[in-house]
Amino acid sequence: MSGDSDCTRTSPSAGSPSDNEFLPDQPKYVCSLSPDLITKAREELQEKPEWRLRDVQALRDMVCKDYPSLGTCLDDAFLLRFLRARKFDYDRALQLLVNYHTCRRSWPEVFDNLKPSAIKPVLESGFVTVLPRLDPEGRHIVCIRPDRWTPSNYPITENIRAIYLTLEKLIQSEETQVNGIVILADYKGVSLSKASHFGPFVAKKVIGILQDGFPIRIKAVNIINEPRIFKGIFAIIKPFLKEKIANRFFLHGCDLNSLHQNIPPVILPEEYGGTSGKLDISAWNELLLASEEDFLHDFSQLVFPCDSSPHDMLVSGDAEEKQCDDSLRGMKPQLYYCY
């Protein structure tokens, strides 16, 4: 298939061919990686610069052949995210792309009207932010602080929306696509009542997105100040984690020296024994809110086919939710016991 075929420049939709809307031509992909990162991508991701556009075209052809109504963006830069996340394995990259859309279509509470201005209260609370400095491996540190959330103000799904948009912003960077990210979660002050909002249904959805439905490489998850209740939270999470991801969880308790073994103090704020000053959420909030138009443009290319629904690719959500509700009833005694 040539790079100028209709499928590469249209967003597949239902109806007659005349209903297809042609996307505007996109700038030709130009690699922004440094020579060192090109070498790293070659060694760790099996990315060969001389074959890069051939690989992108191969994935594009597979989408057009196997999922003509997926309604996805088919630009080089967009598809490249999925290839890098799956080390240029075409089949796994295709499945990740399908999962990406399936997740978005199956959880309207999270993905409807998804834009930075819609989650401004979450950003202002400081629930999620990104530290200003990279770690020695060139990775952004995503800092999550559940104690900043007041459940009476808005549902837990608003927090998930804020995390998702944060990841969407980060993954726009080719450096992040290659290096991945690190998560720092501070569970100080998380109570039983707050933890009960994160039941198996929500846990399964969130972990499904992070593991199999989003093109980002999570290299480490550092948990700090976790209370006893976290044993119950982790009991909910762990069954849904792949072994590789589970092994990247590090529980530090209140031991800052342990945290500093994974994240050097020079990039941490004072709140975590670091030397980079007080934790400042304003810079990241301003960057994300300033990206509103970019998100609206990018998400507008993810067309929802009008003759299909999430159930075309998913098991009934009602059955899944009932199963998870049953699991939640079984987990609650564990939460009370740990608390």
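All residue numbers here refer to positions counted from 1 along the written sequence of the relevant chain. Given that this is a predicted model, residues contribute local features only at a pLDDT of at least 70 and side-chain atom pairs are listed and counted only at 80 or more, while totals for whole chains, interfaces and linings are drawn from all residues. Water and hydrogen atoms play no part in the side-chain values, which are based on all heavy atoms of the structure.

Caption draft 1: Structural detail: the overall build of the protein chain. Counting from the N terminus, the helices are DSSP H or I runs at least four residues long and the strands are E runs at least two residues long. Each helix and strand counted, the protein chain has 17 helices and 7 strands in total. Expressed as a percentage of the 339 residues in the protein chain, the buried residues total 51%. Contacts are assigned to residue pairs with any non-hydrogen atoms lying within 4.5 Å of each other. Considering only intrachain contacts with a sequence separation of at least 6, the fraction spanning at least 24 residues in the protein chain is 76%. Residue burial considers only the protein chains on display, and all accessible areas are found by Shrake-Rupley using a 1.4 Å probe. Surface accessibility of the protein chain: about 16,200 Å² in total, with carbon and sulfur atoms responsible for 52%. Buried, partly exposed and exposed residues are distinguished by accessible area as a fraction of the type maximum, computed with a 1.4 Å probe on protein chains only: under 20%, between the cut-offs, and over 50%, respectively.

Caption draft 2: Representation of the sheet that holds strand β7 (residues 249–251) within the structure. Taken in spatial order, the 5 strands of this open sheet run β3-β4-β5-β6-β7, and their pairing is mixed. The open sheet has two free edges, formed respectively by β3 (128–130) and β7, since each of these has just one partner strand. Direction aside, the axes of adjacent strands within the sheet are offset by 20° on average. A pair of strands is labelled paired if DSSP reports no fewer than 2 bridges between them. Pairing of strand β6 (residues 218–224) with β7, which is carried by 3 bridges, proceeds in the parallel orientation. Bridge pairing in β7 links Ile223 to Leu251. To obtain each axis, a line is fitted to C-alpha atoms, and for helices this fit is confined to the stretch in contact; angles are then taken between N-to-C directions over 0 to 180 degrees.

Caption draft 3: Spatial organisation of helix α16 (residues 292–300). Here α16 has its buried residues at Glu292, Phe295 and Phe299. End-on, the buried residues of α16 take up no more than an arc of 65°, which puts them together on one face. Those residues of α16 that are buried are in contact with α5 (90–106), α8 (156–170) and α15 (282–289). Starting at the helix axis, one direction is taken to each C-beta atom, and the arc is that of these directions.

Caption draft 4: Highlighting the pattern of salt bridges. Put simply, a salt bridge is a Lys or Arg side-chain nitrogen that is within 4 Å of an Asp or Glu carboxyl oxygen. Within this structure, the stated rule accounts for 13 salt bridges. Close ionic contact of Asp76 with Arg60 constitutes a salt bridge, the shortest N to O distance being 2.4 Å. Pair noted here: Asp76 is in helix α4 (residues 76–85) and Arg60 is in helix α3 (residues 52–66), with a separation of 16 residues, a long-range link. Accessibility expressed as a relative area gives 5% for Arg60, which makes it buried. One salt-bridge network, in which partners are shared between bridges, spans Glu47, Arg52, Arg84 and Glu174.

Caption draft 5: Just the environment of Ile183, in detail. Looking at the secondary structure, you find Ile183 in strand β5 (residues 181–186). For the pair Ile183 and Val221, spaced 38 residues apart in sequence, the C-alpha to C-alpha distance is 4.7 Å. Contacts of Ile183, omitting those with residues within four sequence positions, involve Val142, Ile144, Ile218, Ala220, Val221 and Asn222.

Caption draft 6: Looking closely at the packing of aromatic side chains. Aromatic rings from Phe, Tyr and Trp, taking only the six-membered ring of Trp, are treated as a pair when their centres fall within 6.5 Å; an angle between ring planes under 30 degrees marks them as stacked, one over 60 as edge-to-face, and anything in between as tilted. A full pass over the atoms with the stated rule returns 8 aromatic pairs. Ring centres of Tyr100 and Phe214 lie 6.1 Å apart, and the angle between their planes is 45°; on these two criteria the pair is classed as tilted. Of this pair, Tyr100 sits in helix α5 while Phe214 sits in the loop between α11 (200–212) and β6, placing them 114 residues apart in sequence. Judged by relative accessible area, which is 2%, Tyr100 ranks as buried. Whether a charge sits over a ring comes down to the Lys NZ or Arg CZ being within 6 Å of the ring centre and within 35 degrees of the ring normal. If you follow Arg54 out to its NZ or CZ, it ends over the ring of Trp51, 4.5 Å from the centre.

Caption draft 7: Inspection of the pairing of β6 at higher detail. With 6 of 7 residues buried, β6 is to be regarded as a mostly interior element. Pairing of β5 with β6, which is carried by 6 bridges, proceeds in the parallel orientation. By the bridge assignment, Ile181 is partnered in β6 with Ile218.

The quantities given are spatial measurements derived from coordinates; they are silent on function.
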